[in-house]
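# A closer look at the structure
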Amino acid sequence: MKNLNETKKRILTGDRPTGPLHLGHYIGSLKNRVELQDKYDEFILIADVQALTDNFENPEKVRKNVIEVALDYLSVGIDPKKATIFIQSLVSEIAELTVYFLNLVTVSRLEQNPTVRQEIKEKGFEKSLPAGFFMYPISQAADIAIFNADFVPVGEDQLPMIEQTREIVRKFNKLYGKTLIEPKELLSEFSRLPGVDGKAKMSKSLGNVINLSDSPEIVKKQVMKMYTDPTRIRATDTGHIKGNVVFTYHDAFNSNKKEVEEMKEKYKKGKIGDVEIKNKLVEVLNEFLEPIRKRRKEYEKDLGEVQNIILKGTQKAREAASETLNRVRKAMKIDYFK
Ligand code: TRP
């Protein structure tokens, strides 16, 4: 029987397993992935090799989060019958392709990558930049190219990575003959969710996230902390909607649009307090998270099954990668003694 997926375009996405996934990941990418898994042959990479480039001193953290991230995927409704979930380090073909790709990129081109520049600053790597971190865009290009991905669903911040991948693929094809596919981005209708403190950057260390695996109590605590309207002292003062995190989250998660509009109107007129809109949000978020928590519990009871899903996905990914790598070796004339 012909595999149905053969007729579908392939997409490749992934995350670094450095912590549990949060509501920002859901809005920015997971939601999209759940929707895309029917239409595309979806490969989802748990990027542990990339995670180690800035966590090489903390391998336990990466190891622990590989399974956490897999559980997050399954809990939000990524269906292992449709999508292929796999672990990057177990597909060693990617590492080999990375080595060949290294020849095709200059150091000065790498230095220009805005995403990496930004991260170097954030991580305080200016003084002692690990070579592995510096060149991770090349490894990411190999992730994408080795699976012949037609599209990479991304948010704005990852665009430089796709551009760099295309450049490398173009150069490879020019030098060694057409072998690899130039991927295109599939820009998610990206609504970037702010942290509960209103900061654009969401991170565990800032304590400003709500994780998909958080309990109702934590959700409540985080919502109560939310940044609202600093100009408003009393509930009867007129309030602002723009930049008000509680309303940003309502817009993202409250399916009752009419209710949200009514609350906004009242808020602007000073007829509803912060506590009330926050309590409503707690309800909305817990309602959204409940089925996710339930599915997670089911999978947690059967971690052997989760392991099987990842192993099967990785097996399939290896087969695809090794097929590409054979063609790459042939194109590069290093396919000795066949
Ligand atoms: N860079 C991505 C992140 O930090 C993870 C990633 C690694 C990725 N390889 C990829 C994303 C390939 C898309 C395609 O989240």
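Note that the coordinates shown come from a computational prediction; the quantities given were computed from them, not determined experimentally.

In a regular helix each residue adds 1.5 Å, so 18 residues correspond to 26 Å; helix α9 (residues 159-176) covers 26 Å between its end C-alpha atoms and thus fits that length. Considered for burial, the residues of α9 that qualify are Pro160, Met161, Ile162, Gln164, Thr165, Arg166, Ile168, Val169, Phe172 and Asn173. Backbone geometry just downstream of α9 places Gly177 in the positive-phi region, at approximately 95°.

Turning our attention to the site of the ligand. With respect to spatial proximity, the complete set of residues near the ligand consists of Leu12, Gly14, Arg16, Leu45, Ala47, Gln50, Gln140, Asp143, Ile144, Val152 and Gln158. Within the contact set of the ligand, a nitrogen atom lies 2.8 Å away from a side-chain nitrogen or oxygen of Gln50. At 3.3 Å, a side-chain N or O of Gln158 approaches a nitrogen atom of the ligand. Protein contact buries 88% of the 370 Å² of open area that the ligand shows by itself. For the shell around the ligand, the leading source of residues is helix α8 (residues 136-146), giving three residues.

This part is about the environment of Asp237. Relative to the elements of secondary structure, Asp237 occurs in the loop between α10 (216-224) and α11 (245-253). Remark: the alpha-carbon pair of Asp237 and Lys269, spanning 32 residues in sequence, is separated by 7.4 Å. Setting aside residues no more than four positions away along its own chain, Asp237 makes contact with Arg232, Tyr267 and Gly270.

A few words on the pairing of strand β3 (residues 84-87). Here β3 shows a buried face lined by Thr84 and Phe86 and a second buried face lined by Ile85 and Ile87. Examined bridge by bridge, strand β2 (residues 41-46) and β3 share four bridges and lie parallel to one another. Bridge pairing in β3 links Leu45 to Phe86.

Moving on to unusual backbone geometry. Although it is not a glycine, Asn148 adopts a positive phi angle of roughly 55°. Structurally, Asn148 is set in the loop between α8 and β4 (151-154). Overall, the relative accessible area of 18% leaves Asn148 in the buried class. Residue Lys333 is not a glycine yet carries a positive backbone phi of 60°.

About the cut-offs
Every chain's residues receive numbers from 1 upward, in the order its sequence appears when written. For a predicted model such as this one, the threshold for reporting local features is a pLDDT of at least 70, and the threshold for listing and counting side-chain atom pairs is 80 or more; totals across whole chains, interfaces and linings nevertheless cover every residue. To obtain the side-chain values, all non-hydrogen atoms of the structure were included, while hydrogens and water were left out. For the purposes of this entry, the term helix denotes a DSSP run of H or I that reaches at least four residues, the term strand denotes a run of E that reaches at least two, and both are numbered from the N terminus. The length a helix should cover is 1.5 Å for every residue beyond the first. Residue burial is assigned from relative accessible area. The probe radius is 1.4 Å, only protein chains are included, and a residue is buried under 20% of its type maximum, exposed over 50%, and partly exposed in between. One heavy atom suffices: a residue is near a molecule or strand as soon as one of its heavy atoms comes within 4 Å of it. Polar contacts, as used here, are pairs of N or O atoms within 3.5 Å; protein pairs need one atom able to donate a hydrogen and one able to accept it. Residues neighboring in sequence count only if both atoms are side-chain atoms. Per-residue and other accessible areas follow the Shrake-Rupley method at a 1.4 Å probe size, with only the shown protein chains counted as cover for residues. A contact between two residues is defined here by any heavy atoms of the two lying within 4.5 Å. Any two strands with at least two DSSP-identified bridges between them are counted as paired.

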